[in-house]
Amino acid sequence: MKNVTVSVIMGSDSDLPIMKEALDVLNDFGVGNEVLVLSAHRTFEATREYVMSAENKGIKVIIAGAGGSAHLPGVIAAMFPLPVIGVPIKTKSLDGLDSLLSIVQMPPGIPVATVGINGAKNAGLLAVQILSTSDQTLAKKLSDYKTKQKDSVLAKTEKLKTLGYKKYLHSQRL
Ligand code: RP5
């Protein structure tokens, strides 16, 4: 059984359609993870209890997503000594700018590595990168991932050159 090293926490199950992208990355890279719905406001006691025991359980990185006045990642970072990655969830009223600013503008001394609005995929990749600093197998998988990504972009350039932009666009619509 895989060691669980990354915890993905979200303020509400309404965040799951976005946070799933972080889980997909962790699973694709074979990183053991667990997922929880915990809120800084609605379940503050349970959040404290979980986070205070996370390091002893072997959790090395916490990814936390929240929307609105998004205090969850910061509150977790106040209690967890290892890296916390914050995912600002897009909101209906302010398009997620409220979430972004709540998460990114941490006071000096309590950092939260903040990704873009709805940037859960990058949160997953950042967690993998952090773990890869002490895991050569993960580092190799990351290098392969980057190579594949580069090749796919360069293949698009070749296709554009061959087809021209009009045919390229048409081929995308098919
Ligand atoms: C935040 O409030 C959650 O992270 C979520 O993004 C937002 C709305 O939650 P629900 O009302 O959908 O449960 O705490």
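### Let's talk about the overall build of the protein chain
No. 1: Across its full length, the protein chain carries seven helices and five strands.
No. 2: Reading the protein chain from its N end, one meets helices and strands in the order β-α-β-α-β-α-β-α-β-α-α-α.
No. 3: Structurally, the protein chain occupies a C-alpha span of about 60 × 45 × 30 Å along its principal axes.
No. 4: Taken over 174 residues, the protein chain has a buried fraction of 39%.
No. 5: Accessible surface, the protein chain as shown: approximately 10300 Å² in total, 57% of it carbon and sulfur.

### Quick word on the pairing of strand β2 (residues 32–37)
No. 1: With six bridges joining them, strand β1 (residues 4–10) and β2 adopt parallel strand pairing. Directly across from Val8, in β2, lies its bridge partner Val35.

### A few points about unusual backbone geometry
No. 1: Its identity as a non-glycine residue notwithstanding, Asp95 has a phi of 60°, on the positive side.
No. 2: Considering the arrangement of structural elements, one finds Asp95 in the loop between β4 (84–89) and α4 (97–104).
No. 3: The residue Asn118 is not glycine, and still its phi comes out positive at about 65°.
No. 4: For Asn118, a relative accessible area of 23% translates into the label partly exposed.

### With respect to the pattern of salt bridges
No. 1: In this structure the tally under the stated criterion is four salt bridges.
No. 2: Its salt-bridge partner being Lys57, residue Glu34 comes within 2.9 Å of it at the nearest N-O pair. With Glu34 in strand β2 and Lys57 in helix α2 (residues 44–57), this pair connects stretches of sequence that are 23 residues apart.
No. 3: The exposure class of Lys57 is partly exposed, given its relative accessible area of 44%.
No. 4: Note that Glu158 is salt-bridged to Lys161, the shortest N-O span being 3.4 Å. With a gap of three residues between them, Glu158 and Lys161 both fall in helix α6 (residues 136–163), about one helical turn apart.
No. 5: Among the residues examined, Lys161 registers a relative accessible area of 62% and is labelled exposed.

### Notes on the packing of aromatic side chains
No. 1: Applying the stated criterion across every chain, the model contains one aromatic pair.
No. 2: Between the aromatic rings of Phe29 and Tyr145, the centroid separation amounts to 5.7 Å while the plane-to-plane angle is 55°, which identifies the pairing as tilted. Here the residue Phe29 occupies a position in the loop between α1 (16–28) and β2, and Tyr145 occupies one in helix α6, the gap between them amounting to 116 residues.
No. 3: The exposure class assigned to Phe29 is buried, which follows from its relative accessible area of 7%.
No. 4: Given a relative accessible area of 24%, Tyr145 falls into the partly exposed group.

### Details of the pairing of strand β3 (residues 61–67)
No. 1: Of all the seven residues making up β3, six are buried; the element is thus mostly covered by neighbouring parts of the structure.
No. 2: For β1 and β3, the ladder comprises five bridges, and the chain directions are parallel. Note on β3: the bridge partner recorded for Ile9 is Ala64.
No. 3: Here six bridges tie β3 to β4, and the two strands are oriented parallel to one another. Within β4, the position partnered with Gly65 by the bridge is Val87.

### Let's talk about the domain arrangement of the protein chain
No. 1: Parsing the protein chain into structural domains produces domain 1 (4–134) and domain 2 (138–173).
No. 2: Summarising the inter-unit geometry, the C-alpha centres of domain 1 and domain 2 are found 30 Å apart.
No. 3: If you look at the interface, domain 1 gives nine residues, while domain 2 gives six residues.
No. 4: Taken together, the two surfaces of domain 1 and domain 2 that pack against each other cover about 660 Å², and 74% of this comes from carbon and sulfur.

Scoring rules and cut-offs
Residues numbered from 1 in each chain as written. Predicted model: local features only at pLDDT ≥ 70, side-chain atom pairs only at ≥ 80, totals over all residues. Heavy atoms only, no water. Helix = DSSP H or I, 4+ residues; strand = E, 2+ residues; numbered from the N terminus. Buried < 20%, exposed > 50% of the residue type's maximum accessible area, 1.4 Å probe, protein only. Areas by Shrake-Rupley, 256 points an atom, 1.4 Å probe, with all protein chains shown as cover. Pairing = 2+ DSSP bridges. Salt bridge = Lys/Arg side-chain N within 4 Å of Asp/Glu carboxyl O. Phe/Tyr/Trp six-rings, centres within 6.5 Å; stacked < 30°, edge-to-face > 60°. Domains from an automatic or database assignment. Contact = heavy atoms within 4.5 Å. Buried area = accessible area lost by both parts, 1.4 Å probe.

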